[in-house]
Amino acid sequence: MTRAAPRRRMLPLLLAVCAFMTGCWDRVEIDQRGFVVGVGIDEQDKKEEGKGDEDNQKNNNQTGSNQMFKVVYQIIMPAGLSTNKGGGDGTGGKAYFNMAVEENTMATSMAKLSQRLSRAPFFEHLKVIIISESIARKPKKFAETIDFFLRESQMRRSTRVMVTRDKAVNILNTHPPDQRLPSAYLEELSDNTKESTRILPESRIGDVHEFLLKHKSFAIQGVQNGNRNFLTVTEAAVFNGSSNQLIGFLNPMETAGLNFMEGNVRGGQIKFTFEDRLGVFSIERMSKRLECKFGPDNMPSFTFHIRVEGAVDEVFHAPDTLKEPAINKMEAAIQGEIVKLMTITTNKLQHEYNCDVMGLREYLFHKHYRWFQEHESQWEEEGKLFSTRPVQMDVKVSVRSSGNINLTED
């Protein structure tokens, strides 16, 4: 009995050791992974149609699908990321390479990528997914394209999704001078909302998935290929909630108007003119409140109440900017510019796109649910109620500071 007691005491310890030893059974060394940081999805080039391999042709015949994707994967080269190497601009060790695969599904394109890489593709560090306009404009194709990325267990819900008028491969081939990885550059660029009113908040794949499930119209960041050294994300791609297809784009001014209506302005500048003088107003704080009233016909009308505070950054040949009349004139001029931005955005969304990405549908769902239940099917598609609803802008601007001086010259 005395000898068996120590053995019984050791049994729980042995079981615990066995449990801890199983923790690394599926470990893969870091130098054996192929880190994918960006994915670009284009249609197959016209001149390359019909030139796919026999497996692709057979699969297309069996499924009845003629849609072929050209998927470009951006993969890290760890040696090029070391600090003693040159950048990814051809002057030193390159930090990444792009590999293109043509397939009719995302899953099989990844399988084909695995056949070509010496390291297994690893997606947990995926930063951006770029989808071309030609794919996004086809009904259901946008949702079908990102379906794989939503189901794959390696994917993060914070991965950015963007649409481009250009080819996605061109976006991933941009070489910014201050960043070694185009995908990392694009992710950082999409976060610059504090510096500009014309950048839509980042479009995360988890948020896009929620929009698709709710059949809700939405807008995500659009990216343009400025040139080989930089990109711009000052557009918004507008999607219809029923067909899940791209309807069109908002230009930078219209994107700024949408940001004001959604309460997404965190900073940036507004140019204004008063008494033939040009000035720049820097936004420091902004608040939004949406109000809805029902008329005798039981139909809603909306008012956006916008409050903006900030400072005057620059005024050309200004009078004394500390005097109340000058401040009042500047506030009125800035208010007019903001109303103008919101009005042109509203007109385009209501009368050209008939897509409610302004938050009116969501407001009715939360605040007036009974009315929303009765009229949901008529809001955008059938009755097009959204396009007929009056939308007013109530904007108030407060200039809190006019800078360190009261005037330069008059």
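Residues numbered from 1 in each chain as written. Predicted model: local features only at pLDDT ≥ 70, side-chain atom pairs only at ≥ 80, totals over all residues. Heavy atoms only, no water.

Explain the overall build of the protein to me, and be specific about the residues and the numbers.
If you tally the helices and strands in the protein, you get twelve helices and 13 strands. By residue count, 46% of the 410 residues in the protein fall in the buried class. A separation of at least 24 residues holds for 72% of the contacts in the protein among residues at least 6 apart in sequence. Carbon and sulfur atoms make up 49% of the accessible area of the protein, which totals about 21,400 Å². (Helix = DSSP H or I, 4+ residues; strand = E, 2+ residues; numbered from the N terminus. Buried < 20%, exposed > 50% of the residue type's maximum accessible area, 1.4 Å probe, protein only. Contact = heavy atoms within 4.5 Å. Areas by Shrake-Rupley, 256 points an atom, 1.4 Å probe, with all protein chains shown as cover.)

Help me get a handle on the packing of helix H3 (residues 106–116) against helix H5 (residues 141–151), residues and values and all.
Where H3 contacts H5, the two axes come as close as 9 Å, and the packing angle between them is 60 degrees. The orientation of H3 with respect to H5, classified from their angle, is oblique. Together, Met106, Ala107 and Met110 of H3 and Thr145, Phe148 and Phe149 of H5 make up the contact between the two elements. Here the contact of H3 with H5 is composed, by residue class, of five nonpolar, one polar and no charged. (Axes fitted to C-alpha atoms, helices over the stretch in contact; angles between N-to-C directions. Parallel < 35°, antiparallel > 145°, perpendicular 65-115°, else oblique. Nonpolar A, V, L, I, M, F, W, Y, C, P; charged D, E, K, R; others polar.)

For the pattern of salt bridges, give the residues involved together with the corresponding values.
Enumeration according to the criterion identifies 21 salt bridges in this entry. Across the salt bridge formed by Lys348 and Glu254, the nearest N and O atoms sit 3.1 Å from each other. Of the two residues, Lys348 is situated in helix H10 (residues 324–353) and Glu254 in helix H9 (residues 252–262); the sequence distance between them amounts to 94 residues. Exposure remark for Lys348: the relative accessible area of 16% places this residue in the buried category. In this structure, Arg277 and Glu275 form a salt bridge, with 3.6 Å as the shortest nitrogen-oxygen distance. Residue Arg277 is classed as buried on the basis of its relative accessible area of 17%. (Salt bridge = Lys/Arg side-chain N within 4 Å of Asp/Glu carboxyl O.)

Can you break down the pairing of strand S12 (residues 300–315) residue by residue, with the values?
Examined bridge by bridge, strand S11 (residues 277–294) and S12 share 15 bridges and lie antiparallel to one another. Its bridge partner lying in S12, Glu291 is registered against Thr303. Where S11 folds back onto S12 in an antiparallel hairpin, the turn is made up of five residues, including Asn298, whose phi is positive at roughly 65 degrees. Both S12 and strand S13 (residues 391–401) contribute to a ladder of ten bridges, which runs parallel. Within S13, the position partnered with Arg307 by the bridge is Lys396. (Pairing = 2+ DSSP bridges.)

So, the packing of aromatic side chains: which residues are in play, and what are the values?
According to the stated counting rule, one finds 14 aromatic pairs in the structure shown. Summarising the aromatic geometry, the rings of Phe302 and Trp379 are spaced 6.4 Å apart at their centres and angled 75 degrees between planes, so their arrangement reads as edge-to-face. Linking Phe302 in strand S12 with Trp379 in the loop between helix H12 (369–375) and S13, this pair joins segments that are 77 residues apart in sequence. Trp379 shares its class with Phe302; the two are buried. A network of ring pairs unites the aromatic residues Phe294, Phe302, Trp371, Trp379 and Phe386 as a single cluster. A cation over an aromatic ring shows up here: Lys94 above the ring of Tyr96, its NZ or CZ 5.0 Å from the ring centre. (Phe/Tyr/Trp six-rings, centres within 6.5 Å; stacked < 30°, edge-to-face > 60°. Lys NZ or Arg CZ within 6 Å of the ring centre and 35° of its normal.)

Explain the environment of Leu250 residue by residue, including any values.
Structurally, the position occupied by Leu250 is in strand S9 (residues 246–250). On the accessibility criterion, Leu250 (0% relative accessible area) is buried. Each C-alpha atom of the pair Leu250 and Thr234 lies 8.8 Å from the other, and the pair is 16 residues apart in sequence. When neighbours within four sequence positions are excluded, Leu250 is seen to be in contact with Thr234, Glu235, Ala236, Val238, Thr255, Leu258, Thr345, Lys348, Leu349 and Tyr353.

Describe in detail H3, supporting the description with residues and values.
When we look at burial in H3, the residues that qualify are Met106, Ser109, Met110, Lys112 and Leu113. The arc that holds the buried residues of H3, viewed along the axis, is 160 degrees, so those residues lie on one side. (Arc of directions from axis to C-beta.)

Describe H9, with residues and values.
Within H9, eight of the eleven residues are buried, which leaves it mostly tucked inside the rest of the structure. What H9 keeps buried is the set Glu254, Thr255, Ala256, Gly257, Leu258, Asn259, Phe260 and Met261. In the segment just after H9, Gly263 is the residue with positive phi, at about 70 degrees.

Residues and numbers for the nonpolar core, please.
In terms of nonpolar packing, the biggest core is built from 49 residues, with Phe260, Phe304, Val308, Met342, Leu349, Met358 and Leu360 touching the most fellow members. Looking at this core element by element, the count peaks at eight residues for H10. Formed by 35 residues, the second largest nonpolar core is a distinct cluster that contains Ile41, Ile129, Val208 and Phe249. (Core = buried A, V, L, I, M, F, W, Y, C linked by side-chain atoms within 4.5 Å.)

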